[in-house]
Amino acid sequence: MMRCGGPNLEDVAVHLGLDCDRHDKHKWRNSDHIISISGPLFMDWLADQGGRGAVDLVMQVQGSEFKQAVEWLSRLDFSQRPAQVTSSAQGIEPEPRALEGV
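Predicted model only: the values in this text are computed from it and were never measured.

A. Quick look at the environment of Ile37. By secondary structure assignment, the location of Ile37 is in strand S5 (residues 34-38). Between the alpha carbons of Ile37 and Gly51 there is a distance of 9.8 Å; along the sequence they are 14 residues apart.

Structural data, given as structure tokens:
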């Protein structure tokens, strides 16, 4: 979802392929980054670097320059989260299904 001033950093994290921590909904991770997000601010604990806003987050995770980060963000659709967001990452339990043949 877009907010005034840019996209929600959690949405950007999902598009970057980061996974939401099961125990801390403000923490996102992959093999190279453990990132805490608080509003427009983030902190990458493994790199010991923080930043503000979507462009900074993309630059941090992708190791890209400003122009490449802006171009990457401009190609994304923030109207909905990508499919890799699982129900457990959103804190939603899946609906139980009836067993077939029982």
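Once the structure has been displayed, the description carries forward.
B. Representation of the nonpolar core. Counting 19 residues, the largest nonpolar core has Val12, Leu16 and Leu57 as its most contacted members. Where this core is concerned, the elements lending two or more residues are helix H1 (9-15), S5, helix H2 (54-62) and helix H3 (66-74). Setting aside its immediate chain neighbours within four residues, Leu16 contacts Leu57, Val58, Val61, Gln62 and Trp72.

C. Quick look at the side chain of Asn8. Relative to the helices and strands, Asn8 resides in the loop between strand S2 (6-7) and H1. Only 2.7 Å separates the side chain of Asn8 from the backbone nitrogen of Glu10, close enough to count as a polar contact.

D. How the structure looks around the packing of H2 against H3. Packing of H2 against H3 leaves a shortest axis separation of 9 Å and a crossing angle of 110°. In terms of their interaxial angle, H2 and H3 are classed as roughly perpendicular. For the pair formed by H2 and H3, the contact residues are Ala54, Val55, Val58, Met59 and Gln62 on the first element and Phe66, Ala69, Val70, Trp72 and Leu73 on the second. Looking at side-chain class alone, the contact of H2 with H3 contains nine nonpolar, one polar and no charged residues.

E. The arrangement of unusual backbone geometry in detail. Backbone geometry at Asp48 places phi at a positive 55°, although glycine is not the residue there. Inspection of the secondary structure puts Asp48 in the loop between strand S6 (41-44) and strand S7 (49-52). Using a relative accessible area of 60% as the deciding quantity, one classes Asp48 as exposed.

F. Molecular detail of the sheet that holds S7. Spatial ordering of the open sheet is given by S3-S4-S5-S6-S7, a layout of five strands whose pairing is antiparallel. Looking at strand neighbours, the two that pair on one side only are strand S3 (19-20) and S7, the edges of this open sheet. Here S5 pairs with S6 via four bridges, running antiparallel. Paired with Ser38 across the strands is Leu41, a residue of S6.

The rules we used
- Residues numbered from 1 in each chain as written.
- Predicted model: local features only at pLDDT ≥ 70, side-chain atom pairs only at ≥ 80, totals over all residues.
- Heavy atoms only, no water.
- Helix = DSSP H or I, 4+ residues; strand = E, 2+ residues; numbered from the N terminus.
- Core = buried A, V, L, I, M, F, W, Y, C linked by side-chain atoms within 4.5 Å.
- Buried < 20%, exposed > 50% of the residue type's maximum accessible area, 1.4 Å probe, protein only.
- Contact = heavy atoms within 4.5 Å.
- Polar contact = N/O pair within 3.5 Å; in protein donor to acceptor, adjacent residues only side chain to side chain.
- Axes fitted to C-alpha atoms, helices over the stretch in contact; angles between N-to-C directions.
- Parallel < 35°, antiparallel > 145°, perpendicular 65-115°, else oblique.
- Nonpolar A, V, L, I, M, F, W, Y, C, P; charged D, E, K, R; others polar.
- Pairing = 2+ DSSP bridges.

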